[in-house]
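Coordinate inspection notes
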Amino acid sequence: MTTDYPFKVHADEFSGKRVLITGGTKGMGAATVRRFGLSGAKVATTGRSVMPKDLSADLFIQADIATTAGVEAVVDRILSEWGGIDILVNNAGGTKTEAVGFQGIADEEWHDMLDLNLMAAVRFDRALIPGMIERGSGAVIHISSIARQMPFPKAEVPYAAAKAALTTYSKALAKEVGPHGIRVNALSPGFIETSGSAGVIEEIMAQTGMSAVEAKQEIINMLGSLPLGRPGRPEEIAETICFLASDRAGFISGIDCPVDGGTVPTI
């Protein structure tokens, strides 16, 4: 595991904690895997692709967790080798960017987006939270998106709807399991510089002839506002996740925390 991490980390912050981070092979997930590992946690992660050479985890399970079978495969490994987890970060998600409008989105795509962005988290929670309840403690973080509040018309509609559902589900779950010592929170990233956002930038460049700088500004223009003037870094998301999972956030549950540079306007 590389140690070129931009923030100061306490090496024993999560000592003795078992953490599962879904979708941990790139972007925000990879930064979160690295951050928990540097903090002394025992880290498991998943991915459809193989683990990058510059990243390591204590346990890696290659699986498509948008399927019931994929989730079951991960849960079986976790329970057989670790007996359960203390912190669950439901990070895996994704979208398509074709601006086809509501009439052009087939049922299959709706199901795909719901399975990946909502049902994967629901299935992991259903399988792993009971163990937390037995132990009387645990933390769950659902990675949502500001799209759940600021959906782009014609593009990413199923993704935005799935993330809105995830955020509402997260609040309901927090109320149900809170009395058992389990904290549940959602985190909604804005424009973060990841391989996914790089792909969107490349698409804009190919479609418009813009430069990379111009394409990045076009995304900011589409968002309507980004007061801090720059995209976020994956490590900034990882830091927020780790705070929400830590004892320092022991009285925080049921929130949706936007990490968006000020993009979402005050309502």
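Up top is the structure these notes are about.
Notes on the structure follow.

The rules behind each value
Residues numbered from 1 in each chain as written. Predicted model: local features only at pLDDT ≥ 70, side-chain atom pairs only at ≥ 80, totals over all residues. Heavy atoms only, no water. Salt bridge = Lys/Arg side-chain N within 4 Å of Asp/Glu carboxyl O. Helix = DSSP H or I, 4+ residues; strand = E, 2+ residues; numbered from the N terminus. Buried < 20%, exposed > 50% of the residue type's maximum accessible area, 1.4 Å probe, protein only. Expected span 1.5 Å × (residues − 1). Bend = angle between axes of the 7 residues up to and from the residue. Axes fitted to C-alpha atoms, helices over the stretch in contact; angles between N-to-C directions. Left-handed = near helix turned anticlockwise from the far one by under 90°. Contact = heavy atoms within 4.5 Å. Nonpolar A, V, L, I, M, F, W, Y, C, P; charged D, E, K, R; others polar. Disulfide = S-S within 2.5 Å. Pairing = 2+ DSSP bridges. Polar contact = N/O pair within 3.5 Å; in protein donor to acceptor, adjacent residues only side chain to side chain. Phe/Tyr/Trp six-rings, centres within 6.5 Å; stacked < 30°, edge-to-face > 60°.

**So, the pattern of salt bridges**
Working definition: two side chains of opposite charge can pair if their charged atoms are close together. Taken as a whole and assessed by the stated rule, the structure comprises 10 salt bridges. Of the charged contacts in the structure, one is a salt bridge between Arg35 and Glu13, with a shortest N-O distance of 3.1 Å. Here the residue Arg35 occupies a position in helix 1 (residues 27–38), and Glu13 occupies one in the segment before strand 1 (18–21), the gap between them amounting to 22 residues. Under the relative-accessibility criterion, Arg35 is labelled buried at 3%. Take Glu13: its relative accessible area is 25%, and that puts it in the partly exposed class. Where Arg77 meets Glu81, a salt bridge forms, and the shortest distance between an N and an O atom there is 2.6 Å. With Arg77 and Glu81 both in helix 2 (residues 68–81) and four residues apart, this pair spans about one turn of that helix. Note on Glu81: relative accessible area 46%, which makes it partly exposed. One network of salt bridges, in which partners are shared, links Glu13, Arg35, Glu239 and Arg248.

**Observations regarding helix 3 (residues 107–135)**
Note on helix geometry: an α-helix contains 3.6 residues per turn, so any two residues three or four positions apart are oriented the same way. With 29 residues, helix 3 extends 40 Å from end C-alpha to end C-alpha; this agrees with the ideal 42 Å at 1.5 Å per step. Where helix 3 bends most, at Met119, the angle is about 45°. At the C-terminal side of helix 3, Gly136 shows a positive phi close to 80°.

**Thoughts on the packing of helix 2 against helix 3**
Axis separation between helix 2 and helix 3 bottoms out at 10 Å; the angle between their running directions is 30°. With respect to the hand of their crossing, helix 2 and helix 3 are arranged in right-handed fashion. Across the interface between the two elements, Thr68, Val71, Val74, Val75, Ile78 and Leu79 of helix 2 pack against Ala120, Arg123, Phe124, Ala127 and Leu128 of helix 3. Of the residues belonging to the contact of helix 2 with helix 3, the class tally is nine nonpolar, one polar and one charged.

**Focus on the state of the cysteines**
Linking two cysteines covalently via their sulfur atoms produces the bond known as a disulfide. Scanning the model with the defined rule gives zero disulfides in all. In this model Cys242 remains outside any disulfide bridge; the closest cysteine sulfur is found in Cys257, 13 Å from its own. Cys242 gets classed as buried once you look at its relative accessible area, which sits at 0%.

**Things to note about the sheet that holds strand 3 (residues 59–62)**
Whenever strands of a sheet pair, they do so through backbone hydrogen bonds, lying parallel or antiparallel. Taken in spatial order, the seven strands line up as 3-2-1-4-5-6-7 in an open sheet, and their pairing is parallel. The open sheet has two free edges, formed respectively by strand 3 and strand 7 (256–259), since each of these has just one partner strand. Across the sheet, the mean angle separating the axes of adjacent strands is 15° when strand polarity is ignored. Pairing analysis gives four bridges linking strand 1 to strand 2 (residues 42–47), with the strands arranged parallel.

**Things to note about the side chain of Thr45**
Structurally, the position occupied by Thr45 is in strand 2. A polar atom in the side chain of Thr45 sits 3.1 Å from the backbone nitrogen of Gly24.

**Concerning the packing of aromatic side chains**
The final tally for this structure, using the stated rule, is two aromatic pairs. On the basis of an interplanar angle of 65° and a centroid distance of 6.1 Å, the ring pair of Tyr5 and Phe7 is categorised as edge-to-face. In this structure Phe7 comes out as partly exposed when scored by relative accessible area, which is 30%.

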